[in-house]
Amino acid sequence: MSETQVASSRRRGSFLRFNPKVFALAVIASLLFGALLGWVADSTGAEWLVTTLDTVGSTFTKLLTFTVLPLIFTAIVVGITSLRTIGGGRTAARLGGKTALWFALTSLVSVLIGIGVASLLRPGQGVDITPDQQRVDEVSEMSGGSWLDLVRGLVPEHLVGAFAEGETLQVVFVSLLVGAAAYSLGDKAKPFVEFNKAAFEIIQRVLGWIIRLAPLGTLGLIGNAVATYGNEFFTPLLKLTGATYLGCALVLFGLYPLLLWFVARVSPARFFGKAWTVLQFAFVSRSSGASLPLSRQAAVNLGVDRSYANFAVPLATTTKMDGCAAVYPAVGSLFIANLFGIEMGLVQYLTIVAVAVFGAIATAGVTGWFTMLTLTVGALDFPPAIIATGIAIAYAVDPIMDMMRTMTNVAGQITVPTVVARTEGILDDEVLNAPSSPLLVDGSPEDPETGQSSREEPVLAKA
């Protein structure tokens, strides 16, 4: 590579690269400025400002959403076929089984943490809020979670419909089926696998451009939330928000570091040092799917074998959500119970635990928290009117809570593959202990000396 090419690569890498400090400051500034604009809009009754904030936030969300399903499909197909490089079918099955087992174990501990925090803080107790009837009606009409719907909705009527209707769980099912078929065909499926690899790279590039808009999107989302609901809802629901944040924080900064230190033998400081960029993005984007390219590369930077990371992280992105599927259903269920004076006993607590451990797959998709919460309170046999009213009240502060929930989800989606990789002997300590450059927007790390991606092709060729 000539000096001119190297210089060009570095310039392009600088253009694409996240600067963690700048990104963090931009996010914080967006949160504060968005809240200020929302307060101004609420105080002055400036409908044009509310509309503007809503448009900015919803447009950013739509941009993220339209990339998620094709990203998940291509990532899972490529991930399954890449398992061939680390062993045969038995190895792949063992890795898949062990990954699922750790998913369940961490969900179990997470839901217990959620129950403990909610029992201590008792969110909803003494709260007296009457939600807007239109909001209650909207929640009542939303499709909640149920075990029968989960089974019935697993297999799509046709492939295009699963993507067109945004059925994430169906897309995951099809992806696993197609990936397994491609794996079994070997070289015969090579053109199809190469096509998916190229499609995955293209989607990552598009997503990279969208990621750069995260601070602007955050401003719109937070501003619209403050302007729409105002202090009337935020103040009474501080306990609910605080319980959610505390529960997620105990999982994020307690459970995961313990697993990393004692099982994976990975320093928590090194883990957060290499994963912090993606955790920041998960916080502001509120999308595990949109965070997938950065999550996958963070796992690789932590020493996880790339072939296993290509399989485990995309799978975790759709089924491993300790924030949305474990902590929050526990906190939310107790919030609704406290709100309406419903007494909870041992059987009810065990029901919450069982749903969190066995129902996590039902959270796949952008409304995962809603599906899981309705699945949980439905299993508790709460009356439909109470469920709709309780969720309508909690919905006022959902954007704030969803930030921490998603951050926790993504941390778990990186932690579990790291733990499994260590137990399987496929965690590279040399890569783990080597310094990593900040993640690029397209999910690839750049070597600061050569201007090249450290594990992929040169940045010059990609830019």
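Residues numbered from 1 in each chain as written. Predicted model: local features only at pLDDT ≥ 70, side-chain atom pairs only at ≥ 80, totals over all residues. Heavy atoms only, no water.

Participant: Explain the overall build of the protein chain to me, using residue names and the numbers behind them.
Facilitator: Each helix and strand in the protein chain was counted, giving 21 helices and zero strands. Scored against the burial criterion, the 463 residues of the protein chain give a buried share of 56%. For the protein chain, restricting intrachain contacts to residue pairs at least 6 apart in sequence, the fraction spanning at least 24 positions comes to 83%. For the protein chain, the accessible surface area stands at approximately 19500 Å², while carbon and sulfur atoms represent 63% of it. (Helix = DSSP H or I, 4+ residues; strand = E, 2+ residues; numbered from the N terminus. Buried < 20%, exposed > 50% of the residue type's maximum accessible area, 1.4 Å probe, protein only. Contact = heavy atoms within 4.5 Å. Areas by Shrake-Rupley, 256 points an atom, 1.4 Å probe, with all protein chains shown as cover.)

Participant: Explain the confidence of the model for the protein chain to me, and be specific about the residues and the numbers.
Facilitator: Of all residues in the protein chain, 79% attain a pLDDT of 70 or more, and the chain-wide mean is 80. Mean pLDDT across the elements of the protein chain bottoms out in helix α21 (residues 459–462) (29) and peaks in helix α11 (residues 238–262) (96). Here residues 1–16 is modelled with pLDDT under 50, and outside its nearest four sequence neighbours on either side it reaches 28 contacts, counting other chains as well. Below pLDDT 50 for its whole length, residues 440–463 participates in 77 contacts with residues either more than four positions away or in separate chains. (pLDDT = per-residue confidence, 0-100.)

Participant: Which residues make up a nonpolar patch on the surface, and what values do they have?
Facilitator: Taken together, the side chains of Phe-33, Leu-36 and Trp-39 define a hydrophobic patch exposed on the protein surface, amounting to about 340 Å² of accessible area. Residue class for Leu-36 comes out partly exposed when judged on its relative accessible area of 43%. (Patch = residues over 30% accessible without salt bridge, like charges linked within 9 Å, V, L, I, M, F, W, Y side chains within 5 Å. Salt bridge = Lys/Arg side-chain N within 4 Å of Asp/Glu carboxyl O.)

Participant: Can you tell me about the side chain of Thr-67, naming the residues and giving the values?
Facilitator: Inspection of the secondary structure puts Thr-67 in helix α3 (residues 47–82). Within polar-contact distance, the side chain of Thr-67 engages the backbone oxygen of Leu-64 at 2.8 Å. Ignoring anything within four residues of it in the chain, the contact list for Thr-67 reads Ile-203, Val-206, Leu-207 and Ile-210. (Polar contact = N/O pair within 3.5 Å; in protein donor to acceptor, adjacent residues only side chain to side chain.)

Participant: Got a sec to walk through the side chain of Thr-99? Specific residues and values, please.
Facilitator: Among the structural elements, Thr-99 can be located in helix α4 (residues 89–121). Taking the relative accessible area as the measure of exposure, Thr-99 reaches 0% and is therefore buried. Residues in contact with Thr-99, not counting those within four places in the same chain, are Tyr-308, Val-416 and Val-420.

Participant: So what about the pattern of salt bridges? Which residues, and what values?
Facilitator: Under the definition given, this model contains eight salt bridges. With a closest N to O distance of 3.1 Å, Arg-286 and Asp-402 form a salt bridge. Of this pair, Arg-286 sits in the loop between α12 (268–285) and α13 (292–301) while Asp-402 is found in helix α19 (residues 398–423), placing the two residues 116 residues apart along the sequence. What makes Asp-402 buried here is its relative accessible area of 7%.

Participant: Tell me about the environment of Leu-108, and please be specific about residues and values.
Facilitator: Note on placement: Leu-108 falls in helix α4. Separated by 214 residues in sequence, Leu-108 and Asp-322 place their C-alpha atoms 9.1 Å apart. The contact partners of Leu-108, leaving out residues within four places of it in the chain, are Val-353 and Val-357.

Participant: Quick rundown of helix α14 (residues 306–319)? Include the residues and the values.
Facilitator: With 14 residues, α14 extends 20 Å from end C-alpha to end C-alpha; this agrees with the ideal 20 Å at 1.5 Å per step. With respect to burial, α14 is a largely interior element, 14 of its 14 residues being buried. By the N-cap criterion, in which a side-chain oxygen at the helix start approaches the backbone nitrogen of a residue two or three places on, α14 is capped by Asp-305, the distance to Ser-307 being 2.9 Å. (Expected span 1.5 Å × (residues − 1).)

Participant: Tell me about the packing of aromatic side chains, and please be specific about residues and values.
Facilitator: Within the structure shown, the criterion is met by three aromatic pairs. Judged by centre distance (5.4 Å) and plane angle (35°), the rings of Phe-253 and Phe-272 are tilted. Taken as a pair, Phe-253 in helix α11 and Phe-272 in helix α12 lie far apart in primary sequence, 19 residues in all. Here Phe-272 falls in the buried class, since its relative accessible area comes to 15%. Above the face of the Tyr-183 ring, Arg-84 is positioned so that its terminal group lies 4.3 Å from the ring centre. Here the guanidinium or amino end of Arg-405 rests over the ring plane of Tyr-328, the centre of that ring lying 4.3 Å away. (Phe/Tyr/Trp six-rings, centres within 6.5 Å; stacked < 30°, edge-to-face > 60°. Lys NZ or Arg CZ within 6 Å of the ring centre and 35° of its normal.)

Participant: Give me α11: which residues, what numbers.
Facilitator: When the terminal C-alpha atoms of α11 are compared, their 35 Å separation across 25 residues agrees well with the 36 Å that a helix rising 1.5 Å per residue should span. Val-251 marks where α11 bends most, by close to 25°. (Bend = angle between axes of the 7 residues up to and from the residue.)

Participant: Describe the packing of helix α15 (residues 322–339) against helix α18 (residues 384–394), naming the residues involved and giving the relevant values.
Facilitator: Taken N-terminus to C-terminus, the directions of α15 and α18 make an angle of 115°; their axes are 10 Å apart at the nearest point. Here α15 lies roughly perpendicular to α18, going by the angle between them. Considering only the axes of α15 and α18, their crossing is right-handed. Contacts between α15 and α18 involve Tyr-328, Phe-335, Ile-336 and Leu-339 from the former and Ile-386, Gly-390, Ile-391, Ile-393 and Ala-394 from the latter. Counted by class, the contact of α15 with α18 contains eight nonpolar, one polar and no charged residues. (Axes fitted to C-alpha atoms, helices over the stretch in contact; angles between N-to-C directions. Parallel < 35°, antiparallel > 145°, perpendicular 65-115°, else oblique. Left-handed = near helix turned anticlockwise from the far one by under 90°. Nonpolar A, V, L, I, M, F, W, Y, C, P; charged D, E, K, R; others polar.)

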